[in-house]
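In case you want the letters, here they are:
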Amino acid sequence: GKVPAGSILASAPSNKNLDAWRESGCRTTHCNLEVLQESTLVFLATKPHVLPGVLQEIRPAVGPHHIIVSVAAGVTLQTLQRLLPAGTKVLRLMPNLPCVVQAGAMVFARGSGAGDGEAALLKNLLSSCGLCEEVPESYINIHTGLSGSGVAYVYLFAEALAEGAVKMGMPGSLASRIAAQTLLGAAKMMLESGEHPAKLRGDVCTPGGTTIHALHQLEKGALRATVMNAVEAATNRACDMAKD
Amino acid sequence: AGVLAAHKITASSPDTDLPTVSGLRKMGLNFTVSNKDTVKSSDVLFLAVKPPIIPFILEEVGPDIEARHIVVSCAAGVTISSIEKKLSTFCPTPKVIRCMTNTPVIVREGATVYATGTHADVEDGKLVEQLMASVGFCTEVEEDLIDAVTGLSGSGPAYAFTALDALADGGVKMGLPRRLAVRLGAQALLGAAKMLLESEQHPGQLKDNVCSPGGATIHALHFLESGGFRSLLINAVEASCIRTRELQHLADQEKISPAAIKKTLLDKVKLESPSLSVASASKVSLFTNKSPSS
């Protein structure tokens with residue numbers, strides 16, 4: 001809600017995806033160059049392998065006033081800067097899926113041509129979609145492993161929680177909704193209290209109670225190490241893919 | 001440990017050849033071979049014998065127990081009610097306190113808990129607390145928690161020794177001389193424990209403080225997690241606690257006559273070499289407290 005829809009211009013080769021934009025009140029076009037001509041802040045949201053081609057196409061129209069933000073996974077600032085005019089203000093953004101419900105986790109890194117003003121603008125704009133932090137570029141792949149892919153880990157965990165409940169006799173759809181709310185609530189407490197998760201965990205564990213019994217099962221299954229392995233695997237894969 | 005003058009303490013043992021005995025004598029304690037004499041001249045009685053021997057000791061000294069006596073048992077798994085039951089045939093309102101301590105009392109860093117019996121007053125508990133606080137941490141608990149305490153801090157030093165042995169192996173593997181590795185490992189655990197005790201922070205937070213991003217420590221911790229380190233420790237505490245309960249249950253059910261056990265056990269006891277710790281001394285050590293120290 002920070003920018004009026006009428007100020008947003010979206011471009012795509014076909015109408016397939018543009019309908020959604022139009023419905024929100026944005027203007028649409030099939031011409032990438034038109035976007036560059038009409039806009040200052042430009043988001044490049046193509047698939048990574050398509051991006052180099054698009055950059056070639058728009059390069060002649062890119063000027064010193066433009067702010068180019070790439071969302072393409074694995075395409076480095078170095079690559080972006082190489083394919084655009086020297087000194088172009090370039091930033092690289094990695095969002096995650098829950099941006100669509102304004103509860104995203106986003107990180108961005110700035111290229112050599114981008115200054116504090118551009119970083120502040122981006123952060124300000126994107127904060128309406130969730131958490132947005134500037135980071136060194138090296139953290140972007142880690143963010144992928146933690147939060148980009150991380151969303152899937154949470155879905156898996158939620159599914160397993162619900163299945164446990166179903167096993168114990170609860171209907172699936174109710175179990176699913178409660179599982180999701182549990183995760184939401186716990187996350188909210190963690191964000192709002194600022195307390196260490198270990199402390200919050202301890203606070204829930206009454207001596208000899210149900211929670212500590214359950215946690216013991218999780219520790220027996222080396223859940224922590226498994227999760228660390230997952231983040232590591234996704235991060236490494238992101239690094240590998242970036243090299244391709 | 002400086003709370004009580006040595007001459008106010010009497011120790012009793014049937015076997016005078018033991019190293020414990022000469023050690024105690026050297027400290028200036030009064031020594032006797034008669035449990036009965038000890039009881040007569042003392043106010044606070046610490047029973048530091050192995051659990052199966054408790055019944056005989058109680059039989060033996062029972063007649064001399066008076067209302068003023070505070071009987072403190074350190075025997076694992078021996079309940080307050082079992083002691084009170086035994087003594088009540090001799091004294092209507094025996095003051096009984098049960099404690100669970102651990103071996104580091106030797107270096108005044110013990111962890112002790114105590115539970116007060118039916119007829120023990122608040123002051124009696126406080127007295128025991130004062131005595132045991134001189135050799136480490138001491139606090140009162142409900143008796144039903146003593147098994148859990150056994151699992152955690154009673155057995156705990158053994159877990160720590162095992163960990164230290166392994167840490168030292170790690171150090172040696174990576175090139176350190178053994179002695180230095182042991183010294184450094186022990187100091188690391190000592191320092192960490194001290195930081196935790198003196199800090200308001202959660203151990204998880206303290207752990208985080210040591211783990212710089214992508215650094216050595218977090219790599220190492222990942223290994224610990226992969227091995228299920230945490231669950232192993234939880235398992236250990238649980239197993240020790242459960243076993244304590246089992247042993248207690250077995251002891252409660254014991255129907256063999258004391259006399260029959262006595263002979264076999266006393267023979268066995270003479271062959272064992274006792275350590276100086278309160279928890280595992282195989283003789284009765286009784287401490288006097290003619291006037292409580294201020």
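Because the structure is predicted, anything quoted here is derived from the model rather than measured.

## So, the overall build of chain B
Thinking step 1. Of regular secondary structure, chain B possesses 12 helices and seven strands.
Thinking step 2. Here the analysis covers contacts within chain B between residues at least 6 apart in sequence; of these, 66% occur between residues at least 24 apart.
Thinking step 3. For chain B, the computed accessible surface area is about 16200 Å², with 62% contributed by carbon and sulfur atoms.

## Regarding helix H3 (residues 51-58) of chain A
Residue and element names in this part refer to chain A.
Thinking step 1. Here H3 has its buried residues at Leu51, Val54, Leu55 and Ile58. Projected down its long axis, H3 shows its buried positions confined to an angular sector of 100°, all on one face.
Thinking step 2. For H3, the elements touching its buried residues are helix H2 (32-38), strand E3 (41-44), strand E4 (67-70) and helix H4 (77-83).

## A look at the interface of chain B and chain A
Thinking step 1. Of the residues lining the interface, 14 residues belong to chain B; the matching set on chain A comes to 13 residues.
Thinking step 2. Between chain B and chain A lies a buried interface of about 1200 Å² when both sides are counted; carbon and sulfur atoms form 62% of it.
Thinking step 3. Counting every contact that joins chain B to chain A gives zero salt bridges.
Thinking step 4. Applying the counting criterion to the chain B and chain A interface returns six residue pairs in polar contact (both at pLDDT 80 or more).
Thinking step 5. Mapped by element, the contributors of at least two residues to the side of chain B that touches chain A are helix H9 (203-210), helix H10 (216-226) and helix H11 (229-253) of chain B.
Thinking step 6. Here the side of chain B that touches chain A gets five residues from one element, more than from any other, and that element is H11 of chain B.

## Brief notes about the domain arrangement of chain B
How big an interface is tends to be stated in terms of the accessible area lost upon association of its parts.
Thinking step 1. With domains assigned, chain B is organised as domain 1 (6-143) and domain 2 (155-240).
Thinking step 2. For domain 1 of chain B and domain 2 of chain B, the distance between their C-alpha centroids amounts to 35 Å.

## Some remarks on the packing of helix H3 (residues 54-61) of chain B against helix H4 (residues 80-88) of chain B
Residue and element names in this part refer to chain B.
Thinking step 1. One can describe the packing of H3 onto H4 by two numbers: an axis separation of 9 Å at closest approach and a directional angle of 30°. One finds that H3 runs roughly parallel with respect to H4. The chirality of how H3 crosses H4 is right-handed. From H3, Pro55, Leu58 and Glu59 reach across to H4, where they touch Ile83, Lys86 and Leu87.
Thinking step 2. Each residue belonging to the contact of H3 with H4 can be placed in one class, and the counts come to four nonpolar, no polar and two charged.

## So, the sheet that holds E3 of chain A
Residues and elements named next belong to chain A.
Thinking step 1. Read across the sheet, five strands follow the order E3-E4-E5-E6-E7 without closing on themselves; strand pairing throughout is mixed. This sheet does not close on itself; its edge strands, each paired only once, are E3 and strand E7 (130-134). Neighbour to neighbour, the strand axes of the sheet diverge by 25° on average, direction disregarded.
Thinking step 2. Bridge count between strand E6 (residues 104-110) and E7: five bridges; the pairing is parallel. Paired with phenylalanine 108 across the two strands is glutamate 134, which belongs to E7.
Thinking step 3. The sheet strands contacting helix H5 (residues 116-126) are E3, E4, strand E5 (89-94), E6 and E7, and the helix crosses E6 at an angle near 170°.
Thinking step 4. Contacts from helix H6 (residues 139-148) reach E5 and E6 within the one sheet, and its direction differs from that of E6 by about 170°.

## Here we look at the UniProt feature "binding site: NADPH" (unreviewed entry) in chain B
Residue and element names in this part refer to chain B.
Thinking step 1. Here, the residues flagged by UniProt with the feature "binding site: NADPH" (unreviewed entry) are Asn35.
Thinking step 2. Positionally, asparagine 35 belongs in helix H2 (residues 35-40).
Thinking step 3. Look at asparagine 35 and you get buried, because its relative accessible area is 7%.

Conventions and cut-offs
Residues numbered from 1 in each chain as written. Chains lettered and ligands numbered in written order. Predicted model: local features only at pLDDT ≥ 70, side-chain atom pairs only at ≥ 80, totals over all residues. Heavy atoms only, no water. Helix = DSSP H or I, 4+ residues; strand = E, 2+ residues; numbered from the N terminus. Contact = heavy atoms within 4.5 Å. Areas by Shrake-Rupley, 256 points an atom, 1.4 Å probe, with all protein chains shown as cover. Buried < 20%, exposed > 50% of the residue type's maximum accessible area, 1.4 Å probe, protein only. Arc of directions from axis to C-beta. Buried area = accessible area lost by both parts, 1.4 Å probe. Salt bridge = Lys/Arg side-chain N within 4 Å of Asp/Glu carboxyl O. Polar contact = N/O pair within 3.5 Å; in protein donor to acceptor, adjacent residues only side chain to side chain. Domains from an automatic or database assignment. Axes fitted to C-alpha atoms, helices over the stretch in contact; angles between N-to-C directions. Parallel < 35°, antiparallel > 145°, perpendicular 65-115°, else oblique. Left-handed = near helix turned anticlockwise from the far one by under 90°. Nonpolar A, V, L, I, M, F, W, Y, C, P; charged D, E, K, R; others polar. Pairing = 2+ DSSP bridges. UniProt positions renumbered as here; feature names shortened; annotations may be inferred.

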